[in-house]
Structures are given as structure tokens and as C-alpha cells.
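# Structural description and commentary
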Amino acid sequence: MSWLIMLVLLFLLNLVSSDINQGQFSFDSYLNVDGVAGIDSSGLFKLTNFTRQTEGHIFYKNPIQFKNSTNGSVFSFPTTSIFAIVSEYPTLFGHGLAFVVSPNNGIPGALPSQYLGLFNQSNNGNNSNHIVAVELDIIMSSEFNDINDNHVGIDINGLNSMVSAPIRYFTDEGKFINVSLIREDPLQIWVEYNGMKK
Ligand SMILES: *[C@@H]1O[C@H](CO)[C@@H](O)[C@H](O)[C@H]1NC(C)=O
Ligand SMILES: *[C@@H]1O[C@H](CO)[C@@H](O)[C@H](O)[C@H]1NC(C)=O
Ligand SMILES: *[C@@H]1O[C@H](CO)[C@@H](O)[C@H](O)[C@H]1NC(C)=O
Ligand SMILES: *[C@@H]1O[C@H](CO)[C@@H](O)[C@H](O)[C@H]1NC(C)=O
Ligand SMILES: *[C@@H]1O[C@H](CO)[C@@H](O)[C@H](O)[C@H]1NC(C)=O
Ligand SMILES: *[C@@H]1O[C@H](CO)[C@@H](O)[C@H](O)[C@H]1NC(C)=O
């Protein structure tokens, strides 16, 4: 598969929000939905439901071009999403979620739980995966050297994050404020790629 053509999930969903608001939303036109993912009666996308150890994907269906030529630089892009992690029980949660860029609009064979629906035991860390993800991880998995149970990480072809950081935001005064991903009210995340600085 060509590196030029990749697919983007989830965070592009704001592109189609007007269709959702009209209640006329059609999965077929924009999205590939699999696993237990779906859309609920209020029009929200759900990646999983309360069934344990399940996973789901929502992929933008059509390939997105990230380069002009094989050896060209990857385009810069910003993307944003609003999400919430909601549990059936106040003290029991799933593992998290991820924004993913993948060569296909599905990841068959990916496992739930600590694999975040991205990889499995056999392919974790394999460069042939061609998968880049930004994980929001709320369980500390020592097998993947997680730094804590509330972090963001950049994953390239595997779950041992290249870089990770505790979840925090900057105030206008430049002060760090810790935030727990486990909260029922929504958070907004920006994922930005700078093609020049890589
Ligand atoms: C979650 O989704 C799956 C697949 O659609 C379904 O079989 C299961 O009953 C759902 N679980 C809950 C708790 O709704
Ligand atoms: C890609 O090609 C388009 C059209 O020729 C051009 O406008 C754009 O600047 C190019 N982008 C990059 C990153 O080379
Ligand atoms: C891209 O780079 C590779 C490795 O440097 C080179 O072999 C190939 O000819 C280049 N392709 C183009 C279209 O420039
Ligand atoms: C692991 O995932 C890959 C890619 O999604 C898939 O091709 C492969 O069959 C999976 N392996 C197992 C053992 O499930
Ligand atoms: C990585 O994946 C490729 C393609 O599936 C496979 O041929 C190769 O054996 C894998 N490498 C390792 C170290 O598992
Ligand atoms: C914020 O979290 C970091 C670790 O993630 C911790 O070291 C620090 O003490 C926390 N700060 C506050 C004010 O809770």
C-alpha cells in the first residue's frame, strides 16, 4: 500500500457534524464503523458500550492524501475533537481511546483492553503496521512502559509510546493544570502535526 494514501479516524468527525444535527446522518457516506462502535439516540458517536473487553472503530471512509509525492514532506494538519469517557461504575473504566492514522479504514485483528483496538500481541511494534496514533490512556500498562494511569502518548506502530506526558493543560498564564480523563463532562483535544518540524 502506498504511504501517500492514509485514513483518518474520529477527529475528523466534526466535518460531518452538521449532518448529525439534521438527524439525517448516514454512516455509509462518510464512515466505516466496526466493533461495538455506533451512534446513540442523541447523535453522539460511541466507540464502545458497557460490555467489557470490547473495542470499536470509527474511520473516515475515504483516503486522505498526506503527501504530494513519495518523497515529499507530509502535510501539516490540525484536528480537534470533543470527547468524554463514561463508565457504568464510578471506579471501573476501560483503557482509553486513540486518534489513529492508518493505511486502511479498519484494523481487523486488533485487540481491546490494553491494545486500545490498535494492535495485537503479534504485530505490536512491527514497522509494517504503518499506524500512527495519539493515545489517551487511563490504565497504567507496565508491559508497554506506560508512565501513569492518565496520560497522552504518541504511538508509532506499537503501544510503547515514543513520547508520553501526563494529561495537563496550560492556563493563559502558562501554568500547568492537571486534568483527569476520567470525568463525565467533555474535554476537547487538539492533535496537530507540523510537517516541516516532523
Ligand atoms: C454492546 O454492543 C454489542 C454489539 O452491538 C451488543 O451485542 C451488546 O449487547 C452491547 N452492550 C451493551 C451493554 O449495550
Ligand atoms: C502540494 O501540491 C499543491 C498543489 O500543487 C500545493 O499547493 C501545495 O503547496 C503542495 N504541498 C506541499 C506540502 O508540498
Ligand atoms: C525517493 O527517495 C528514494 C530514496 O532516497 C529514491 O530511491 C527514489 O528515487 C525517490 N523517488 C522520487 C520519486 O524522487
Ligand atoms: C494482528 O493484527 C493484524 C493487523 O490488524 C492482523 O492481520 C493479524 O491477523 C492479527 N493477528 C492475530 C494473531 O490476531
Ligand atoms: C512484521 O509484519 C510483517 C508483515 O505482516 C511480517 O512479514 C514480519 O514477519 C513481521 N515482523 C516481526 C518481527 O514479527
Ligand atoms: C500533577 O500531576 C503530576 C504528575 O502527573 C504530579 O507530580 C503533580 O504533583 C500534580 N500537581 C498537582 C497540583 O496536583
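Along each chain, the written sequence defines residue order, and numbers are assigned to residues from 1. Note on labels: chains are lettered from A, ligands numbered from 1, in written order. In keeping with the model being predicted, local features are shown solely for residues with a pLDDT of at least 70 and side-chain atom pairs are shown and tallied solely at 80 or more, while totals for entire chains, interfaces and linings include all residues. Side-chain descriptors were evaluated using all non-hydrogen atoms of the structure, hydrogens and water having been removed beforehand.

Keep this limit in mind: UniProt positions are given in the numbering used here, feature names are shortened, and annotations may be inferred rather than shown by experiment.
As annotated in an unreviewed UniProt entry, the protein carries the name Legume lectin domain-containing protein and is attributed to Gossypium harknessii. Under the UniProt heading Sequence similarities (unreviewed entry), the entry covering the protein gives this text: "Belongs to the leguminous lectin family."

## Observations concerning the layout of surface pockets
Inclusion rule: Note on definitions: the grid is 1 Å and covers protein atoms alone; a cavity is a set of points where a 1.4 Å probe fits but cannot get out; a pocket is an open set with protein on both sides within 12 Å along at least five of seven lines; lining residues have an atom within 4 Å of a point. Grid points are joined across faces, edges and corners, and a volume is the space filled by probe spheres set on the points. Secondary structure elements follow DSSP: runs of H or I no shorter than four residues count as helices, runs of E no shorter than two count as strands, and numbering proceeds from the N terminus. Basically, the charged four are Asp, Glu, Lys and Arg, the nonpolar ten are Ala, Val, Leu, Ile, Met, Phe, Trp, Tyr, Cys and Pro, and anything else, Gly included, counts as polar.
Of the voids in this model, the second largest pocket is the one considered here, and its volume is about 1,100 Å³. Forming the walls of the second largest pocket are 36 residues, and the residues nearest its centre are Val-134, Ile-154, Trp-190, Val-191 and Glu-192. Among the secondary structure elements, those contributing two or more residues to the lining of the second largest pocket are β7 (77-83), β8 (96-102), β9 (132-137), β10 (151-156), β11 (163-166), β12 (168-170) and β14 (187-193). For the lining of the second largest pocket, a count of residues per class yields 29 nonpolar, four polar and three charged.

## As for the site of ligand 1
So the rule is basically this: Near residues are defined by distance, with any heavy atom within 4 Å of the molecule or strand qualifying the residue. What qualifies as a polar contact is a pair of N or O atoms within 3.5 Å, subject to a donor-acceptor requirement within protein and to the restriction that residues adjacent in sequence count only when both atoms come from side chains. Method for areas: the Shrake-Rupley scheme with a 1.4 Å probe, in which residue coverage is limited to the protein chains shown.
Around ligand 1, a shell composed of Val-36, Asn-49 and Thr-51 is seen. Residue Thr-51 places a side-chain N or O atom 2.6 Å away from a nitrogen atom belonging to ligand 1. Protein contact buries 35% of the 360 Å² of open area that ligand 1 shows by itself.

## Observations concerning the packing of aromatic side chains
The geometry of an aromatic ring pair is captured by the separation of the ring centres together with the interplanar angle, meaning the angle of the planes. Inclusion rule: Note on ring pairs: Phe, Tyr and Trp rings are taken, using the six-membered ring of Trp, and paired if centres are within 6.5 Å. Classes follow the plane angle, with under 30 degrees stacked, over 60 edge-to-face and the rest tilted. Remark: a charge is flagged as sitting over a ring if the NZ atom of Lys or the CZ atom of Arg is within 6 Å of the ring centre and within 35 degrees of the ring normal.
For the structure on display, the rule yields five aromatic pairs. Note on Phe-66 and Phe-77: the rings are 5.4 Å apart at their centroids and 70° apart in plane angle, and the pair reads as edge-to-face. Of this pair, Phe-66 sits in the loop between β6 (64-65) and β7 while Phe-77 sits in strand β7, and the two are 11 residues apart along the sequence. Grouped by ring-pair contacts, the aromatic residues Phe-66, Phe-77, Phe-99 and Tyr-193 constitute a single cluster. One Lys or Arg, Arg-168, reaches over the ring of Phe-176 and ends 3.8 Å from the middle of that ring.

## Quick notes on the pattern of salt bridges
So the rule is basically this: The term salt bridge refers to a pairing of a side-chain nitrogen on Lys or Arg with a carboxyl oxygen on Asp or Glu at a separation within 4 Å. Remark: exposure states derive from per-residue accessible area (1.4 Å probe, protein chains only) relative to the maximum for the residue type, with buried under 20%, exposed over 50%, and partly exposed in between.
According to the stated counting rule, one finds one salt bridge in the structure shown. Of the charged contacts, one joins Asp-185 and Arg-183 as a salt bridge, the two residues approaching to 3.1 Å between their closest N and O atoms. Assessed through its relative accessible area of 29%, Arg-183 is described here as partly exposed.

## Observations regarding the nonpolar core
Quick reminder of the rule: Here, nonpolar core refers to any group of buried Ala, Val, Leu, Ile, Met, Phe, Trp, Tyr and Cys residues whose side-chain atoms link them within 4.5 Å.
Core analysis: the biggest nonpolar cluster contains 20 residues, and Phe-83, Ile-85, Leu-97, Phe-99, Leu-136 and Leu-181 have the highest contact counts within it. For this core, the secondary-structure elements that each account for two or more residues are β7, β8, β9 and β14. Counting residues in each nonpolar core, the second largest holds 13 residues, with Val-100, Ala-110, Ile-131 and Ala-133 among its members.

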